[in-house]
Amino acid sequence: MAGKPTLVDQWGRPVRRAELKQEVAAATVGGVRSPISGYPADGLTPVGLANILRAADQGDAVQYMELAELIEERDPHYLGVLGTRRRSVSQLDITVEPADDSAEAERHAAMIRRWLDRDELQLELFDMLDAISKGFSFTEILWDSSMGQWQPGRLEYRDPRWFRFARHDLRTPMMLDEYGAEVPLPAFKFIYARLSAKSGLPIRSGLSRTAMWAYLFKKYTERDWAIFSQTYGQPLRVGKWGQGASEADKDTLFRAVANIAGDCAAIIPQSMEIDFVEPGNLSATGQLYLDRCNYLDKQVSKAVLGQTSTTDAEVGGLGSGKEHREVQEDIERADAKTLSAILTAQLAVPWVQLEYGPQLRGYPRIKIARPEAEDLQAFTEALTPWVDRGLRVGAQSVLDKFGVEAPAKGAEILRPEGKSGVGAGGAGGGEVFEHRSAIFERAGARQGASATDEPRMARNASEARSEPRPASERVADSLGAAARDPMEAMLGQIEAMLAAAGSLEEFREMLLAAYPDLDAGPLYGRLRDALTMAAAAGAIEVAEEDRGDG
């Protein structure tokens, strides 16, 4: 690696290439980076939660990180909406744009593009998006240079408990070494992702700080609801013993009522009474607990997804339905753009610098985005009137818009059923674009009319003439009427192609492609008859002139 320029990361730290291929933040059994987690959610109280958050603000975030993970395990609703947000981004399409149009820039982009086309990438992105909950995440890059070229071998998610922030600003990320000391992150070794729900310190920017309070209050409600259901959801069995009953009789009676079901059982003397005071409306009281849990879940949905209708079955009302989905898509786009910038700056740029050195022209850009859906029906309705008025539109551009491949030359082309048109086969990649079936209907109607009405009209007109006419004129009229049918059939096909073509060049290619399928047989027969009859008519006229002269 001699002669390579000195590289530095975003914090100005020099890159040590020998360190890049080693794991520096792996778990250690019995060490400070222990994979075993605590359970601060057990017996959690409002005061205890406040103390955990306060300790995190002062630099000790271990219990905060453990609690952030626990509430995902113990609150199905929070796990569901958080997973929805993370998966919606991790499964989006990923593209890589070169820095410019040069061949070298395209080579850099292609290198990254090939590596990103891996099945493991979706899970790696999902782990990076743990930053949505905690405010940040750390992913270690294990570089590989065994083939003489640098590339990421794999990306490993690292437990956020093993990292800290520098005490002077609580913003600069640090890591714990094997002795528990806080040391700077090695250059080009980590992807440090920040996806903040609010501005401020990284430790206070995650969604889990808000979700923790909703989790705590909901657990109190669920506990009270369980007690209520146990108390009033089962009947109380009371066994009464008569005067003079022995202790053995009382024990037998208690076992009898206790073994029926549940724990709500008692025995009393027959002469005693116990009054049970119940709420006036048990159903309404139970509904209060459900409403409170639903309310807290909706607040969590708003915090994570920005709305409630797509998760809590909200129907109707202001801002529901489509508007709520658009809010969720806005959050998805924001997360995708943030993650794109992170991967570009902390994966693409270091990789290109390691492999090719610093680049003056820039670096490839990684883009994560959902393809924008286009209203093709609206496009068709807007374009069709202009095409009918003569607007020249390339067929290939329309095919690309609909995602339809142009047919290869000689391929069968679909047409409206029962309509006349160009025969199978296409030219120039299939520019035969039949945009209006009405064209073929008009052509078919014209062919039908020419086959019935026009010959009859020609005969009637000829028979109505009272003046004798030369034989050549009579033959010409007869042959013209006979040739009109095949000519109209061919012209109908050609007219349809002319109306569909966007340019003269396109019409020429369409005409050449369809020429083998044009039915010229009837016309050839009429021409043969015409030549024969023309010769005969000429002979007749010559003979008539000779008789007149004689």
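Source: prediction; values computed, not measured. (Residues numbered from 1 in each chain as written. Predicted model: local features only at pLDDT ≥ 70, side-chain atom pairs only at ≥ 80, totals over all residues. Heavy atoms only, no water.)

Looking at the sheet that holds strand 7 (residues 190-194)
The strands that make up a sheet are held in pairs by hydrogen bonds between backbone atoms, and each pair lies either parallel or antiparallel. Spelled out, the test is: Note on pairing: two strands pair once DSSP finds at least 2 bridges between them. Numbering of helices and strands starts at the N terminus; helices are DSSP runs of H or I of at least 4 residues and strands are runs of E of at least 2. Lines fitted to the C-alpha atoms define the axes, with helices restricted to the stretch that makes contact. Angles between their N-to-C directions range from 0 to 180 degrees.
Reading across from one edge, 3-2-7 is the order of the three strands in this open sheet, with antiparallel pairing throughout. Unpaired on one side and paired on the other, strand 3 (151-158) and strand 7 mark the two borders of the sheet. Within the sheet, the average angular offset between the axes of one strand and its neighbour, ignoring direction, is 25°. Pairing of strand 2 (residues 136-144) with strand 7 involves five bridges; the strand directions are antiparallel. Among the inter-strand pairings, Ser 137 is bridged to a residue of strand 7, identified as Ala 193.

Looking at the packing of aromatic side chains
Each pair of aromatic rings is reported with the distance of its centres and the angle of its planes. Definition in use: Stacked, tilted and edge-to-face pairs are distinguished by plane angle, under 30 degrees for stacked and over 60 for edge-to-face with tilted covering the rest, among Phe, Tyr and Trp rings (Trp via its six-membered ring) whose centres lie within 6.5 Å. A simple rule labels every residue: compare its accessible area, found with a 1.4 Å probe on the protein chains alone, to the largest value its type can have, and call it buried under 20%, exposed over 50%, or partly exposed in between. The criterion is that NZ of a Lys, or CZ of an Arg, lies within 6 Å of the ring centre and within 35 degrees of the ring normal, and then a charge sits over that ring.
Counting across every chain of the model gives eleven aromatic pairs. Their ring planes at 5° and their centres at 3.9 Å tell us that Phe 138 and Phe 163 sit as a pair that is stacked. Of the two residues, Phe 138 sits in strand 2 while Phe 163 sits in strand 4 (residues 163-165), which places them 25 residues apart along the sequence. When its relative accessible area of 0% is taken as the criterion, Phe 138 is described as buried. Among the aromatic residues, those joined into a cluster by ring pairs are Trp 11, Phe 136, Phe 138, Phe 163, Phe 165, Phe 190 and Tyr 192. Here the guanidinium or amino end of Arg 209 rests over the ring plane of Tyr 64, the centre of that ring lying 5.9 Å away.

Looking at the packing of helix 3 (residues 62-74) against helix 8 (residues 208-232)
Our working rule: Angle categories are assigned with fixed cut-offs, so that under 35 degrees is roughly parallel, over 145 is roughly antiparallel, 65 to 115 is roughly perpendicular, and the rest are oblique. Crossing handedness follows the turn of the near helix against the far one: under a right angle anticlockwise gives a left-handed crossing, and clockwise gives a right-handed one. Residues count as neighbours in contact if any of their non-hydrogen atoms are within 4.5 Å of one another. Note on residue categories: nonpolar means Ala, Val, Leu, Ile, Met, Phe, Trp, Tyr, Cys or Pro, charged means Asp, Glu, Lys or Arg, and polar means any other residue, Gly included.
The interhelical angle for the contact between helix 3 and helix 8, taken along N-to-C directions, is 55°, at an axis separation of 10 Å. Judged on the interaxial angle alone, helix 8 and helix 3 are oblique. Helix 3 and helix 8 meet at a crossing whose hand is left-handed. Where helix 3 abuts helix 8, its residues Tyr 64, Leu 67, Ala 68, Ile 71 and Arg 74 lie against Ser 208, Arg 209, Ala 211, Met 212, Tyr 215 and Lys 219. Considering only residue class, the contact of helix 3 with helix 8 consists of seven nonpolar, one polar and three charged.

Details of the pattern of salt bridges
Basically, it comes down to this: Each reported salt bridge corresponds to a side-chain nitrogen of Lys or Arg within 4 Å of a carboxyl oxygen of Asp or Glu.
Inspection of every chain in the model, using the stated rule, returns 28 salt bridges. A salt bridge links Arg 118 to Glu 124; its shortest N-O distance comes to 2.9 Å. Glu 124 gets classed as buried once you look at its relative accessible area, which sits at 9%. Two residues, Lys 189 and Glu 140, come together in a salt bridge whose shortest N-O distance is 3.0 Å. Here the residue Lys 189 occupies a position in the loop between strand 6 (182-184) and strand 7, and Glu 140 occupies one in strand 2, the gap between them amounting to 49 residues. We note that Lys 189, like Glu 140, is buried.

Some remarks on the sheet that holds strand 4
With antiparallel pairing, the three strands of this open sheet are ordered in space as 4-5-6. At either end of the open sheet lies a strand with only one pairing partner, and these are strand 4 and strand 6. Direction aside, the axes of adjacent strands within the sheet are offset by 45° on average. Here strand 5 (residues 173-176) pairs with strand 6 via three bridges, running antiparallel. Across the sheet, Leu 176 pairs through a bridge with Glu 182, a residue of strand 6.

Side note on the nonpolar core
The condition is simple: Residues belong to a common nonpolar core when they are buried Ala, Val, Leu, Ile, Met, Phe, Trp, Tyr or Cys residues joined through side-chain atoms within 4.5 Å.
Ranked by size, the top nonpolar core spans 76 residues in total, and within it Ile 112 and Leu 343 carry the most contacts. Broken down by element, the residue count for this core peaks at ten residues, all from helix 12 (residues 322-356). With residues up to four places along the chain from it excluded, the contact list for Leu 343 reads Leu 125, Met 128, Ile 191, Ala 348, Ile 366 and Ile 368.

Comments concerning the pairing of strand 2
Buried residues dominate strand 2, accounting for eight of its nine residues. Where strand 2 and strand 3 come together, seven bridges link them in antiparallel fashion. Within strand 3, the position partnered with Phe 138 by the bridge is Arg 158.

Examining the pairing of strand 5
A regular strand carries its side chains on alternate faces of the sheet. Going residue by residue along strand 5, you find Pro 173 and Met 175 tucked away on one face and Met 174 and Leu 176 tucked away on the opposite face as well. Bridge analysis of strand 4 against strand 5 gives three bridges, and the strand direction is antiparallel. Bridged to Arg 164 within strand 5 is Met 174. Between strand 5 and strand 6, which pair antiparallel one after the other, the connecting turn spans five residues, and Gly 180 there sits at a positive phi close to 90°.

A closer look at the packing of helix 3 against helix 4 (residues 76-90)
Where helix 3 meets helix 4, the closest approach of the two axes is 5 Å, and the angle between their N-to-C directions is 105°. Comparing their axes, helix 4 and helix 3 come out roughly perpendicular. Residue-level contacts link Ile 71, Glu 72 and Arg 74 of helix 3 to Pro 76, Tyr 78, Leu 79, Leu 82 and Arg 86 of helix 4. Of the residues in the contact of helix 3 with helix 4, the class split is five nonpolar, no polar and three charged.

Details of the side chain of Asp 75
Mapped onto the elements, Asp 75 comes out in the loop between helix 3 and helix 4. Accessibility expressed as a relative area gives 4% for Asp 75, which makes it buried. When sequence neighbours within four positions are dropped, the list of residues in contact with Asp 75 reads Tyr 215 and Lys 218.

Re helix 2 (residues 46-57)
Filter applied, for reference: Take the number of residues in a helix, subtract one, and multiply by 1.5 Å to get its expected span. The directions considered for the arc run from the helix axis to the C-beta atoms.
Taking 1.5 Å as the rise per residue, helix 2 with twelve residues should run 16 Å; its terminal C-alpha atoms sit 17 Å apart, in good agreement. Regarding helix 2, the residues found buried are Leu 49, Ile 52, Leu 53, Ala 56 and Asp 57. Take helix 2 and look down its axis: the buried residues cluster within an arc of 140°, on one side only. At its buried positions, helix 2 is contacted by helix 3 and helix 8.

With respect to the confidence of the model for the protein chain
Stated formally: What pLDDT reports is the predictor's confidence in each residue, on a scale of 0 through 100.
Counting all residues, the mean pLDDT for the protein chain is 79, and 71% of those residues have values of 70 or more. Confidence scores differ between elements of the protein chain, with helix 15 (residues 437-464) showing the lowest mean pLDDT of 46 and strand 7 the highest of 97. Contacts from residues 419-455, a stretch scored under 50 in pLDDT, to residues over four places away or in other chains number 70 contacts.

Focus on the environment of His 77
Here is the rule we go by: By the criterion applied in these results, polar contacts are pairs of N or O atoms within 3.5 Å in which, for protein atoms, one can donate a hydrogen and the other can accept it, and in which residues neighboring in sequence qualify only through two side-chain atoms.
Among the secondary structure elements, His 77 is positioned in helix 4. Residue class for His 77 comes out buried when judged on its relative accessible area of 16%. C-alpha separation for the pair His 77 and Ser 301, spaced 224 residues apart in sequence, amounts to 8.3 Å. At 2.7 Å, the side chain of His 77 forms a polar contact with the side chain of Ser 301.

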